[in-house]
Amino acid sequence: MKKLSIIVPCYNEEESVPLFYPAVNKVMDTIPDLEPEYWFINDGSKDNTLKEIKELRKKDPEHVHFVSFSRNFGKESALYAGLQAATGDYVVVMDVDLQDPPKFLPQMYDLIKTGEYDCIGTRRVDRTGEAKFKSFLSDMFYKVVNKISDTEIVPGARDYRMMTRQMVNAVLDMPEYNRFSKGIFSWVGFKTKYLDYHNVERVAGESDWNTWKLFKYAMDGIADFSQAPLNLAVWIGTGSFVLSIIGLIIVIIRRALYPGSSIFGWASMVCIILLLGGLQLLCIGILGKYIGRVYIQVKNRPIYIIKEKK
Ligand code: UDP
Ligand code: MG
């Protein structure tokens, strides 16, 4: 019998945890040749999430396991902890709020066990129930990141995916501190098939992601998987250098032809100085962002700290 590890990151999800387990178990019962291994990752929740998880473990100690962090490290760290803990032949990553419909599990397993694919992912084809501005920003993000990065980020792709042990091991070999899973899952390669579905709203609680947080997440994703912003500095520098040479030539010629003419252009000079100053600060800022990431990585701090594991 094959084993499927189910990785579930949880942050302040006391209401969702007791709903998640029976919903997934019901579906798992329809796949008799697959044994589940649940890994709940309590990502430093401030509510009774850990208590609820322990309750589940009491009921089903054979299949339910958990890792509890010493504080909130973020979903990406929780996913990594889950992947490290998982022992299954196949591994699936799921949100606890049931926004990743468990009904896809049999179909995913049927596809992955043929051996034709290494990963069966899911993709949201609409975003009903989400703010228009947020959807717009997401669309923009996918367009920009796919233009400037070598790693393809599939629009609407969720973290909800079933992977083979081989692919999981490849992901585990990427111990980077800033983890952008959408990029990492794509970067490792392997053959992925996507199943499309319509957006489902969370069963309980509230999403922790506001527009500002998503924006920062998107910017981090771009910095992690593209060096295009660094090239921007080179292009701005080249452009202003060429323009200044042209300006110089014009000034010299004008001076030669009309020796008595006065110097012109005070207002435009102020504008140019301000513009160039601004662009320089922007480029230094971009550089700083990358150096900051190098700094974080070389410190080599752990991605998460475990308080309890069972
Ligand atoms: N999550 C987590 N740590 C965090 C934030 C979220 O482990 O710091 C978990 C959360 O409990 C849920 C999943 O990540 O299982 C997705 O979170 P959420 O539903 O808030 O995100 P959305 O579905 O809106 O993208
Ligand atoms: Mg959610």
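Within an unreviewed UniProt entry, the label attached to the protein reads Bactoprenol glucosyl transferase, and the organism entered is Lactobacillus gasseri.

A. Region of interest: the overall build of the protein. In terms of regular secondary structure, the protein is built from ten helices and eight strands. In terms of overall dimensions, the protein is more spread out than a globule: its C-alpha atoms have a radius of gyration of 26 Å, far above the 19 Å expected for 310 residues. Taken along the three principal axes of its C-alpha coordinates, the protein extends 95 × 40 × 40 Å. Going through the 310 residues of the protein one by one, you find that 41% of them count as buried. As presented, the protein carries roughly 17,200 Å² of accessible surface, and 61% of it is formed by carbon and sulfur atoms. Computed over 39 positive and 36 negative side-chain charges, the inter-centroid distance for the protein is 7 Å.

B. Geometry of the UniProt feature "transmembrane region" (unreviewed entry) in the protein. With numbering matched to this structure, UniProt assigns "transmembrane region" (unreviewed entry) to residues 232-257 and 263-287. Helix makes up 100% of residues 232-257 and strand makes up 0%, while its end C-alpha atoms are separated by 38 Å.

C. Here's a closer look at a nonpolar patch on the surface. A cluster of nonpolar side chains, Phe241, Val242, Leu243, Ile245, Ile246, Ile249, Ile250, Ile253, Leu257 and Tyr258, forms an exposed patch at the surface whose accessible area comes to about 1,000 Å². Tracing the chain through its elements places Ile246 in helix α9 (residues 228-257).

D. Local environment of the coordination of the magnesium ion (ligand 2). At this site the magnesium ion (ligand 2) is bound by Asp97 (OD) and Gln99 (OE1), with donor distances of 1.9 Å. Judged by its relative accessible area of 3%, Asp97 is buried. For Gln99, a relative accessible area of 18% gives the class buried.

E. Quick peek at helix α6 (residues 165-172). Burial in α6 covers these residues: Met167, Val168, Val171 and Leu172. End-on, the buried residues of α6 take up no more than an arc of 145 degrees, which puts them together on one face. Where α6 is buried, its residues meet α3 (75-85), β4 (90-93), β5 (119-124), β6 (157-164) and α7 (181-187).

F. Main features of the domain arrangement of the protein. We note that the domain assignment places domain 1 (1-144 + 153-209 + 301-307) and domain 2 (225-297) within the protein. Each of domain 1 and domain 2 has a C-alpha centre, and these two points are 47 Å apart. Of the residues lining the interface, eight residues belong to domain 1; the matching set on domain 2 comes to four residues. Taken over both partners, the interface formed by domain 1 and domain 2 buries close to 540 Å², and the fraction arising from carbon and sulfur atoms is 62%. Interface area lost by domain 1 to domain 2 is led by Glu176, Tyr177 and Asn178, which between them contribute 60%. One can count zero salt bridges joining domain 1 with domain 2. Along the contact surface separating domain 1 from domain 2 lie one residue pair in polar contact (both at pLDDT 80 or more). Class assignment of the residues belonging to the side of domain 1 that touches domain 2 gives a composition of five nonpolar, two polar and one charged.

G. Structural view of the site of ligand 1. Around ligand 1, the surrounding shell holds 16 residues, and the nearest of these are Glu13, Asp43, Asp97, Gln99 and Arg202. In the environment of ligand 1, an oxygen atom lies 2.6 Å from a nitrogen or oxygen atom belonging to the side chain of Glu13. Take Val96: an N or O atom from its main chain is 3.1 Å from an oxygen atom of ligand 1. Protein contacts shield 88% of the accessible area of ligand 1, which totals 530 Å² for the unbound molecule.

H. Geometry of helix α2 (residues 49-59). Of the positions making up α2, those classed as buried are Thr49, Leu50, Ile53 and Leu56. Taken down its axis, α2 places every buried residue within 115 degrees of arc, on the same side. For α2, the exposed residues lying more than 90 degrees away from the buried face are Lys51, Lys58 and Lys59.

I. A look at the environment of Lys213. Assignment of secondary structure puts Lys213 in helix α8 (residues 211-225). Expressed as a C-alpha distance, the spacing of Lys213 and Arg124, which sit 89 residues apart in the sequence, is 20 Å.

J. Representation of the environment of Gly189. Tracing the sequence through the fold places Gly189 in the loop between α7 and β7 (192-197). Under the relative-accessibility criterion, Gly189 is labelled partly exposed at 24%. Distance in space between the C-alpha atoms of Gly189 and Thr151 is 9.3 Å, their sequence separation being 38 residues.

Conventions we followed
Residues numbered from 1 in each chain as written. Chains lettered and ligands numbered in written order. Predicted model: local features only at pLDDT ≥ 70, side-chain atom pairs only at ≥ 80, totals over all residues. Heavy atoms only, no water. Helix = DSSP H or I, 4+ residues; strand = E, 2+ residues; numbered from the N terminus. Rg over C-alpha atoms; globule rule 2.2 N^0.38 Å. Buried < 20%, exposed > 50% of the residue type's maximum accessible area, 1.4 Å probe, protein only. Areas by Shrake-Rupley, 256 points an atom, 1.4 Å probe, with all protein chains shown as cover. Lys, Arg positive; Asp, Glu negative; His and termini not counted. Charge placed at Lys NZ, Arg CZ, Asp CG, Glu CD. UniProt positions renumbered as here; feature names shortened; annotations may be inferred. Patch = residues over 30% accessible without salt bridge, like charges linked within 9 Å, V, L, I, M, F, W, Y side chains within 5 Å. Salt bridge = Lys/Arg side-chain N within 4 Å of Asp/Glu carboxyl O. Donors = N, O, S within 2.8 Å, 3.2 Å for Na, K, Ca; no water. Arc of directions from axis to C-beta. Contact = heavy atoms within 4.5 Å. Domains from an automatic or database assignment. Buried area = accessible area lost by both parts, 1.4 Å probe. Polar contact = N/O pair within 3.5 Å; in protein donor to acceptor, adjacent residues only side chain to side chain. Nonpolar A, V, L, I, M, F, W, Y, C, P; charged D, E, K, R; others polar. Near = heavy atom within 4 Å.

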